[in-house]
There are 2 protein chains.
Amino acid sequence: MEKIRIGIAGYGNIGKSVEAGIRQNDDMELVGVFSRRDPGAIKTASGAPVFPLSEAAAKVGEIDVMILCGGSLSDLPEQGPLFAALFNTVDGFDTHAKIPEHFKKVQQQAVAAGKVCIISSGWDPGMFSLNRLYAEAILPEGHSYTFWGKGVSQGHSDAIRRIAGVKDAKQYTIPVAEAVAAVQRGEAPDLTTREKHQRECFVVLEEGADQECIEQEIKTMPNYFSDYDTTVHFISQQELDREHGGLPHGGRVIRSGLTGWNSEHKHTIEYKLTLESNPDFTASVLLAFARAAYRLNREGVSGAKTVVDIPPVYLSRRSAEEIRQTMI
Amino acid sequence: MEKIRIGIAGYGNIGKSVEAGIRQNDDMELVGVFSRRDPGAIKTASGAPVFPLSEAAAKVGEIDVMILCGGSLSDLPEQGPLFAALFNTVDGFDTHAKIPEHFKKVQQQAVAAGKVCIISSGWDPGMFSLNRLYAEAILPEGHSYTFWGKGVSQGHSDAIRRIAGVKDAKQYTIPVAEAVAAVQRGEAPDLTTREKHQRECFVVLEEGADQECIEQEIKTMPNYFSDYDTTVHFISQQELDREHGGLPHGGRVIRSGLTGWNSEHKHTIEYKLTLESNPDFTASVLLAFARAAYRLNREGVSGAKTVVDIPPVYLSRRSAEEIRQTMI
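Residues numbered from 1 in each chain as written. Chains lettered and ligands numbered in written order. Predicted model: local features only at pLDDT ≥ 70, side-chain atom pairs only at ≥ 80, totals over all residues. Heavy atoms only, no water.

**Student:** Explain the sheet that holds strand S7 (residues 142-148) of chain A here, please?
**Tutor:** Reading across the sheet, the 6 strands line up as S7(A)-S12(A)-S13(A)-S13(B)-S12(B)-S7(B) and stay open at both edges, with antiparallel pairing between neighbours. Of all the strands in the sheet, the pair left with one neighbour each is S7 of chain A together with strand S7 (142-148) of chain B. Sheet twist, expressed as the average angle between the axes of neighbouring strands with direction ignored, equals 5 degrees. Pairing of strand S13 (residues 265-275) of chain A with strand S13 (residues 265-275) of chain B involves 9 bridges; the strand directions are antiparallel. For histidine 267 of chain A, the partnering residue across the bridge sits in S13 of chain B and is leucine 275 of chain B. Here helix H4 (residues 127-138) of chain A sits on the sheet in contact with S7, strand S12 (249-259) and S13 of chain A together with S13 of chain B, set at roughly 5 degrees to S12 of chain A. Strands S7, strand S12 (249-259) and S13 of chain B of the sheet are contacted by helix H6 (residues 177-184) of chain B, whose axis makes an angle of about 35 degrees with S12 of chain B. (Pairing = 2+ DSSP bridges. Helix = DSSP H or I, 4+ residues; strand = E, 2+ residues; numbered from the N terminus. Axes fitted to C-alpha atoms, helices over the stretch in contact; angles between N-to-C directions. Contact = heavy atoms within 4.5 Å.)

**Student:** How do you make sense of the sheet that holds strand S14 (residues 303-305) of chain B when you look at a structure like this?
**Tutor:** Backbone-to-backbone hydrogen bonds pair the strands of a sheet. The strands run either parallel or antiparallel. All names here are of chain B. The sheet built from 7 strands is open, its strands ordered S3-S2-S1-S4-S5-S6-S14 with parallel pairing. Every interior strand has two partners, whereas the edge strands, strand S3 (50-52) and S14, have only one. Direction aside, the axes of adjacent strands within the sheet are offset by 25 degrees on average. Here strand S6 (residues 116-118) pairs with S14 via 3 bridges, running parallel. Residue isoleucine 118 lies in a different strand from S14, and its bridge partner there is lysine 305. Where helix H3 (residues 99-113) meets the sheet, it contacts strand S5 (88-91), S6 and S14, and its direction lies at approximately 145 degrees from that of S14. On top of the sheet, helix H10 (residues 278-298) reaches strand S1 (4-9), strand S2 (28-35), strand S4 (65-68), S5 and S6; it is set at about 155 degrees to S5, its chief contact.

**Student:** Can you help me understand the interface of chain A and chain B in this one?
**Tutor:** Interfaces are often sized by the accessible area lost when the parts come together. Taken together, the contact pairs 70 residues of chain A with 70 residues of chain B. Surface buried jointly by chain A and chain B totals about 6,200 Å² across both partners, of which 61% is contributed by carbon and sulfur atoms. The tally of links between chain A and chain B comes to 4 salt bridges. One salt bridge in this structure joins arginine 23 of chain A and glutamate 141 of chain B, with 3.6 Å as the shortest N-O distance. On inspection of chain A and its partner chain B, the count reaches 33 residue pairs in polar contact (both at pLDDT 80 or more). Of all the elements in the fold, those that place two or more residues in the side of chain A that touches chain B are helix H1 (13-22), helix H3 (99-113), H4, S12, S13, helix H10 (278-298) and helix H11 (320-326) of chain A. (Buried area = accessible area lost by both parts, 1.4 Å probe. Salt bridge = Lys/Arg side-chain N within 4 Å of Asp/Glu carboxyl O. Polar contact = N/O pair within 3.5 Å; in protein donor to acceptor, adjacent residues only side chain to side chain.)

Below, the structure is given as structure tokens:
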């Protein structure tokens with residue numbers, strides 16, 4: 001069997017999880033990792049070679065799909081269009097407000113190069129986007145909700161770590177149980193930001209730091225914490241490493257809606273993820289969409305795509321016949 | 001706005017729910033209902049005209065999508081290919097074992113006629129099929145489970161009603177809570193038929209019928225009940241009508257899987273439906289896929305399709321731009 005030749009651009013959490021995930025997809029093989037760092041200083045877990053990111057263009061004939069594992073803030077806005085001119089790509093661009101802009105830039109390059117480039121894959125955006133769309137299309141008269149967690153938010157953990165006097169920190173986003181229950185019962189409540197999620201922080205202080213001041217600074221931080229009920233725990237580095245070393249996450253998309261001549265029947269659609277490793281799961285989704293990008297491109301398709309543009313059958317290793325026999 | 005002109009073939013539970021559902025989709029309009037019964041004897045809830053099923057061919061230019069609402073046992077195997085030669089169609093063919101055969105027959109006609117015909121839509125097959133496929137593609141190393149209920153099984157209710165001495169009956173399929181919980185915890189248990197679902201029956205007896213004999217006959221009925229723990233309650237017709245008049249249903253597709261170099265991270269994907277009206281929800285799914293059939297056909301696509309072949313974006317009334325702006 002001819003394997004799908006995968007390249008990984010960016011060797012952080014997601015890049016490493018993509019590398020590990022390839023072993024579970026026997027129709028794929030890893031060609032190499034591309035990094036801005038000194039390739040000589042990186043040893044990959046799989047032993048795959050490391051190349052300078054700037055020399056990726058030299059590998060055009062050797063890679064079927066480049067999986068872009070950089071950050072959404074500065075890496076992907078630049079690398080998305082750049083790599084779309086060279087390879088089929090998949091990225092997990094997750095700055096929701098800038099998706100249309102990112103799409104447009106990737107689209108220009110992908111169309112010109114005849115490549116399929118799937119942006120904003122992963123779980124949110126990604127699987128949650130798909131479920132928001134399916135649920136709304138099925139129940140036009142209804143209300144949709146997205147809850148995140150319980151899980152570690154990297155952005156919020158970083159925000160705490162930037163405070164002077166903080167040595168280390170981990171932040172959990174926690175959905176408010178009563179809000180989830182009301183939505184599941186189909187009550188279609190109006191929920192404020194504070195009513196939907198809580199934030200729980202575990203903080204390690206630098207020697208001599210002012211605990212009360214720092215707790216206040218966290219709780220009042222605009223955008224990140226001021227709109228939420230936030231709990232702050234101060235713990236030792238040992239406890240943080242021991243109890244909060246993982247990157248679990250998850251969440252749910254719930255839509256409740258009404259049908260019938262008099263809207264007399266209530267229905268609830270719920271999609272729920274419980275993830276022990278956010279980067280591993282994100283990488284697993286990216287790999288499934290890498291398969292789709294490869295196959296679509298082999299059929300002559302090109303252009304930027306999001307997850308909702310992809311016929312689900314393209315994600316599966318199974319043939320269409322086998323799917324009809326065993327999964328429908 | 002040009003509306004999608006819908007025809008309904010078969011005016012039973014599903015056909016009536018499709019009729020009611022059209023009002024929630026302002027890009028659709030109902031042209032008429034087609035029935036094998038005497039059209040003069042049918043009064044539609046919407047006031048839509050009723051035509052003889054045998055004269056559907058005369059309406060070829062007036063209907064964009066015909067929604068086939070007959071039964072899977074004898075109606076759809078015949079009507080599927082027949083209507084595929086005339087219209088874009090959507091059906092809810094749900095005899096899982098015969099889907100490949102049904103697909104092949106519809107495919108021949110749909111390709112020849114240049115129509116898009118989506119078979120086996122609804123929730124299972126349909127939305128559950130989609131979720132089985134997505135979840136397996138994302139977590140290749142894992143186990144998938146489908147639980148149905150709590151909900152009314154029409155087939156099992158009918159089977160009880162066919163017993164001599166039974167006047168009326170309703171059967172609920174109930175997932176075993178411990179089994180669902182073990183699957184949700186990612187334990188990937190091996191479950192027998194008996195361990196997954198229970199059956200609860202509410203039976204109204206004819207005057208003078210032998211209660212014990214009938215309870216025994218239900219519990220030992222092969223295929224339907226003998227492999228399950230079954231509870232039988234004998235009640236009055238009044239109580240049956242009052243307490244068990246609805247057609248609720250639902251269920252879940254759950255996949256748990258492992259990721260990481262040493263399969264060290266557990267993940268669970270769960271898709272759950274809670275439906276007050278099985279036919280209403282099924283009809284709502286059929287209508288969303290009718291939109292997709294119409295749009296795909298306008299783009300020159302033809303042939304038989306299942307839900308996994310359809311790019312999700314085709315189900316939504318929103319434009320691709322709007323979806324990228326608001327739902328991804």
